[in-house]
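A closer look at the structure
This is what each chain is made of:
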Amino acid sequence: NGEEKTLADLSGVEGLVLYVYPKDDTPGCTTEAQDFRDLLDDFQAKGYQVAGVSPDSAESHCKFIDKHDLTFPLLTDADHSFLETIGAYGEKKLYGKTLEGVIRSTFVVDRDGTLEAAHRNVRARGHAARVLRDL
């Protein structure tokens, strides 16, 4: 909604699970978003908020959120600058071809901004459950 917040502004939150995905409303990204949605109460019970980030527009995110009843925020990074900084955009292999794009990743950050865990180049299906288990 355009407000700037830090983890310290979120009462009762120990940290953030930030997952990076390539594109709204594609099969793998939808599965991953639904898995995080379905496990959101479990993440919050452990003190973690969940948010997703992709290069898609805010308008695309709003449609994706509405279509799949997502209950956590999606952030946009249209120019890939943040994704490049965190190592979640670059060269990757897809169906045997090398190309440049979003590298599906998840980062767990504590309320002070310290990186607790980085999961890079992950598979969408079952990933949310694996991150939850590791918290």
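Criteria and thresholds
- Residues numbered from 1 in each chain as written.
- Predicted model: local features only at pLDDT ≥ 70, side-chain atom pairs only at ≥ 80, totals over all residues.
- Heavy atoms only, no water.
- Helix = DSSP H or I, 4+ residues; strand = E, 2+ residues; numbered from the N terminus.
- Buried < 20%, exposed > 50% of the residue type's maximum accessible area, 1.4 Å probe, protein only.
- Lys, Arg positive; Asp, Glu negative; His and termini not counted.
- Salt bridge = Lys/Arg side-chain N within 4 Å of Asp/Glu carboxyl O.
- Polar contact = N/O pair within 3.5 Å; in protein donor to acceptor, adjacent residues only side chain to side chain.
- Contact = heavy atoms within 4.5 Å.
- Patch = residues over 30% accessible without salt bridge, like charges linked within 9 Å, V, L, I, M, F, W, Y side chains within 5 Å.
- Areas by Shrake-Rupley, 256 points an atom, 1.4 Å probe, with all protein chains shown as cover.
- Charge placed at Lys NZ, Arg CZ, Asp CG, Glu CD.
- Core = buried A, V, L, I, M, F, W, Y, C linked by side-chain atoms within 4.5 Å.
- Phe/Tyr/Trp six-rings, centres within 6.5 Å; stacked < 30°, edge-to-face > 60°.

**Quick notes on the side chain of Lys 92**
- Considering the arrangement of structural elements, one finds Lys 92 in strand E4 (residues 89-94).
- Glu 32 provides the closest opposite charge to the buried, salt-bridge-free Lys 92, at an N-O distance of 11 Å.
- Only 2.6 Å separates the side chain of Lys 92 from the backbone oxygen of Val 102, close enough to count as a polar contact.
- Aside from chain neighbours lying at most four places away, what touches Lys 92 is Pro 22, Lys 97, Thr 98, Leu 99, Gly 101, Val 102 and Ile 103.

**A few points about the pattern of salt bridges**
- Taken as a whole and assessed by the stated rule, the structure comprises 6 salt bridges.
- Across the salt bridge formed by Asp 25 and Lys 67, the nearest N and O atoms sit 2.9 Å from each other. Of this pair, Asp 25 sits in the loop between strand E1 (15-20) and helix H1 (27-38) while Lys 67 sits in helix H3 (residues 58-68); the two residues are 42 residues apart in sequence, bridging distant segments of the chain.
- Assessed through its relative accessible area of 38%, Asp 25 is described here as partly exposed.

**As for a negative patch on the surface**
- A surface patch of like charges, here negative, comprises Asp 79, Glu 84, Glu 91 and Glu 100.
- Along the chain, Asp 79 turns up in the loop between strand E3 (74-76) and helix H4 (81-85).

**As for the nonpolar core**
- Membership of the largest hydrophobic core comes to 18 residues, with the highest contact counts inside it found for Val 17, Tyr 19, Phe 36, Phe 43, Val 50, Phe 72 and Leu 74.
- Looking at this core, the elements that each hand over two or more residues are E1, H1, helix H2 (40-45), strand E2 (48-54) and helix H5 (127-134).
- Sequence-distant contacts of Phe 43, defined by excluding residues within four places in its chain, comprise Val 17, Phe 36, Tyr 48, Val 50, Ala 128, Val 131, Leu 132 and Leu 135.
- Counting 10 residues, the second-largest nonpolar core is a separate cluster that includes Leu 16, Val 20, Val 53 and Phe 107.

**Some remarks on the packing of aromatic side chains**
- Per the stated rule, a full pass over the model turns up 5 aromatic pairs.
- The interplanar angle of 70° and the centroid separation of 5.9 Å between the aromatic rings of Tyr 19 and Phe 72 together place this pair among those described as edge-to-face. Residue Tyr 19 is located in strand E1, and its partner Phe 72 is located in the loop between H3 and E3; the two are separated by 53 residues in the primary sequence. As far as the burial class goes, Tyr 19 and Phe 72 line up, both buried.
- Summarising the aromatic geometry, the rings of Tyr 21 and Phe 64 are spaced 6.1 Å apart at their centres and angled 35° between planes, so their arrangement reads as tilted. You can see Tyr 21 sitting in the loop between E1 and H1 and its partner Phe 64 sitting in helix H3, a full 43 residues away along the chain. Here Tyr 21 and Phe 64 have matching classes, each one buried.
- Ring pairs connect the aromatic residues Tyr 19, Tyr 21, Phe 36, Phe 43, Phe 64 and Phe 72, which therefore count as one cluster.

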